[in-house]
Amino acid sequence: MTTTTDAPQPSLPDDAIELAPSALSPAQRFLGGLLRSRELAVGLVLLALVVATATQSSSFVFGSDGWRSLLVNPSILILLAVGQTVVIVTRNVDLSVGSTLGLTAYLTGRLFVDTGLPTLVVVLLAVLAGAGLGLVNGILVTFGRVPSLVITLGTLYIYRGVFLSWAGSDRINASDIPDGFSSLGTEQLLSIPVLTIVALAVMGVVGYLMHTSRGGRELYAIGSDPDAAHLYGLPVARRVLMAFVASGALAGLAGVFYVARYGTVSSNAGFGIELQAVGAAVIGGVAIFGGSGTVWGAAIGASLLVTINSALPVLGIDDFWQRAVVGALILAAVALDRVLTLRQERRLVAARELDHDQGPPPPPPSSTSVPSGSAS
């Protein structure tokens, strides 16, 4: 008769759970990551803002148009923030999305007025036009090797100038838009505006591709370390080019949303919204230096920015403080990103030191047979 005893296992330090993810179950890792995510923190701030405003004025949420406005107003900025996220994670930025939105919104109206094309064809042409403008940005950035901040700042003014020259004092009126298309701005499905559903669906598709596809993961790798990405052989130029094309296409779709939402298009359409798109992405946890961030966070950041603009007047806060609050949120997001980056670097250093101290991994557990008379 023999007695079996397990070989002693090496003890782990107190913080080894964080340094050795395999020690946690998938559910524990998911819950831990969710609680530490910046998206959850921004979402809680948004929820607290809505609750506080509804306490002061119940019509903010429960009025005849409160719930619908709360959901549909951020839809345009969500599209722009999602496209901006795709660009920012590659360590670039696209400042031309506001001008692209205005140009494609006017193009959408002119196509309805001058051609009478079916709605679906008009939408596709507007999106393709936006993608073409994004392609110009991408070509200048990747092949001209000029910082994207400079390139897109220049195209911001060029696209806006083309828009002003084309539109002049003319404007697209709601009466020029087909009723079936205009109704998209007011129609709802299960009490949720159609524009909001489309914006969230686009966000879901882009987010899924960025986190599961090879091309999406390469965007993060390029943003984390462009030199290492080049040495590893990643198609850096092609990926960055496609990021700008995606941003332009989403800005074109945002132009279509603008026409459906407001019905009229004048020469100031989309003016200044590019900074809100960048701010929404940064507030939502997208690192301004690239390599990290999610489209979900950018969408929550966009919703927070739009909701602030409508909630603070209800709370009796002056316009100056509204802008100051937005600026403070952006500064806080950048500071938090820096703190989290330093914390991550310390954890990686600790992980390397722990691995060095432990040496090679221990052998697999083995069984030791001892005489039954000596077993205690």
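Fair warning: this is a prediction, and the values are worked out from it, not measured in the lab.

Peer 1: I'm lost on the overall build of the chain in this one. Help?
Peer 2: Across its full length, the chain carries 17 helices and 4 strands. Expressed as a percentage of its 376 residues, the buried residues of the chain come to 43%. Of the contacts made within the chain by residues no fewer than 6 positions apart, 77% connect residues no fewer than 24 positions apart. Surface exposure of the chain reaches about 19,800 Å², of which carbon and sulfur atoms provide 65%.

Peer 1: Just to check I follow, could you spell out unusual backbone geometry for this structure?
Peer 2: A positive phi angle is found at R91, which is not glycine, with a value near 70 degrees. The partly exposed category is assigned to R91, whose relative accessible area is 41%. Despite not being glycine, S191 shows a phi value in the positive range, around 70 degrees. Tracing the backbone shows S191 in the loop between β2 (188-189) and β3 (192-193). Its relative accessible area of 48% is what places S191 among the partly exposed residues.

Peer 1: Sorry if this is basic, but what is going on with the nonpolar core here?
Peer 2: As a rule of thumb, soluble globular proteins bury nonpolar side chains together. With 83 residues, the main nonpolar core has L80, F181 and V265 as its most contacted residues. Beyond its immediate sequence surroundings of up to four residues, L80 is in contact with V97, L101, A251, A254, I273 and A277. L156, V278, V282 and A333 belong to the second largest nonpolar core, which has 6 residues in total.

Peer 1: Is there a simple way to think about the packing of helix α11 (residues 194-212) against helix α14 (residues 236-262) in this case?
Peer 2: Helix-helix packing: each pair is described by the crossing angle between the helix axes and the interaxial distance. Their axes nearest at 11 Å, the elements α11 and α14 cross at an angle of 170 degrees. Put simply, α11 runs roughly antiparallel to α14. Contacts between α11 and α14 involve L195, V198, A199 and V202 from the first element and L250, L253, F257, A260 and R261 from the second. Classifying every residue of the contact of α11 with α14 by side-chain character gives 8 nonpolar, no polar and 1 charged.

Peer 1: Explain the packing of aromatic side chains to me, please; I cannot follow it from the model alone.
Peer 2: Each aromatic ring pair is specified by the distance between its two centres and by the angle formed by the two planes. Scanning the entire structure with this criterion turns up 4 aromatic pairs. Relative to F163, the ring of Y106 lies with its centre 5.8 Å away and its plane at 50 degrees, an arrangement referred to as tilted. Here the residue Y106 occupies a position in helix α7 (residues 97-114), and F163 occupies one in helix α9 (residues 148-167), the gap between them amounting to 57 residues. Note on accessibility: Y106 and F163 belong to one class, buried. Pairing Y106 with W166 gives two aromatic rings, centres 5.0 Å apart and planes at 85 degrees, and the pair type is edge-to-face. Remark: W166 occurs in helix α9 and Y106 occurs in helix α7; sequence separation between them is 60 residues. By way of ring pairs, the aromatic residues Y106, F163 and W166 are connected into one cluster.

Peer 1: Could you clarify how one ought to interpret helix α15 (residues 273-283) in this entry?
Peer 2: Note: α-helices contain 3.6 residues per turn, so residues at a spacing of three or four share the same orientation. With 9 of its 11 residues buried, α15 lies for the most part within the structure. Among the residues making up α15, those that are buried are I273, E274, A277, V278, G279, A280, A281, V282 and I283. Looking one or two residues beyond α15, the residue adopting positive phi is G285, at roughly 100 degrees.

Peer 1: I tried to follow a nonpolar patch on the surface on my own but got confused; where do I start?
Peer 2: On the surface, L40, L44, L47 and V51 cluster together into a nonpolar patch covering about 340 Å² of accessible area. Assignment of secondary structure puts L40 in helix α3 (residues 38-56).

Peer 1: Looking at this model, I keep getting lost on the UniProt feature "transmembrane region" (unreviewed entry) in the chain. Mind explaining?
Peer 2: Following the UniProt record, the feature "transmembrane region" (unreviewed entry) maps to residues 40-63, 70-89, 120-143, 149-168, 189-210, 240-260, 281-308 and 320-340 here. The annotated region residues 120-143 carries 96% helix and 0% strand content, and the separation between its end C-alpha atoms amounts to 34 Å. Across residues 189-210 one finds 77% helix and 14% strand; the C-alpha atoms that close the span lie 28 Å apart.

Peer 1: Explain the pattern of salt bridges here, please?
Peer 2: For side chains bearing opposite charge, pairing can occur when the charged atoms are close. If you walk through the whole model with that rule in mind, you get 4 salt bridges. D114 is the salt-bridge partner of R110, the closest N and O atoms lying 2.8 Å from each other. Linking R110 with D114, this pair stays in helix α7, spanning 4 residues, or about one helical turn. Overall, the relative accessible area of 51% leaves D114 in the exposed class.

Peer 1: Honestly, the environment of A251 in this entry has me stumped. Any pointers?
Peer 2: Tracing the chain through its elements places A251 in helix α14. The exposure class assigned to A251 is buried, which follows from its relative accessible area of 0%. Along the sequence, A251 and A126 sit 125 residues apart, while their C-alpha atoms lie 9.4 Å from each other. Non-local contacts of A251, meaning those with residues more than four positions away in its chain, are made with L80, V97, T100, L101 and T104.

Peer 1: What is the right way to read the packing of helix α6 (residues 75-88) against α11 from this model?
Peer 2: Two numbers describe how α6 lies on α11: the axes approach to 9 Å, and their chain directions differ by 15 degrees. Accordingly, the angle class assigned to the pair α6 and α11 is roughly parallel. Relative to α11, α6 is oriented so that their crossing is left-handed. Facing S75, I78, L79, V82 and V86 of α6, the residues of α11 in contact are L195, T196, A199, V202, M203, V206 and M210. Counted by class, the contact of α6 with α11 contains 10 nonpolar, 2 polar and no charged residues.

Conventions adopted
Residues numbered from 1 in each chain as written. Predicted model: local features only at pLDDT ≥ 70, side-chain atom pairs only at ≥ 80, totals over all residues. Heavy atoms only, no water. Helix = DSSP H or I, 4+ residues; strand = E, 2+ residues; numbered from the N terminus. Buried < 20%, exposed > 50% of the residue type's maximum accessible area, 1.4 Å probe, protein only. Contact = heavy atoms within 4.5 Å. Areas by Shrake-Rupley, 256 points an atom, 1.4 Å probe, with all protein chains shown as cover. Core = buried A, V, L, I, M, F, W, Y, C linked by side-chain atoms within 4.5 Å. Axes fitted to C-alpha atoms, helices over the stretch in contact; angles between N-to-C directions. Parallel < 35°, antiparallel > 145°, perpendicular 65-115°, else oblique. Nonpolar A, V, L, I, M, F, W, Y, C, P; charged D, E, K, R; others polar. Phe/Tyr/Trp six-rings, centres within 6.5 Å; stacked < 30°, edge-to-face > 60°. Patch = residues over 30% accessible without salt bridge, like charges linked within 9 Å, V, L, I, M, F, W, Y side chains within 5 Å. Salt bridge = Lys/Arg side-chain N within 4 Å of Asp/Glu carboxyl O. UniProt positions renumbered as here; feature names shortened; annotations may be inferred. Left-handed = near helix turned anticlockwise from the far one by under 90°.

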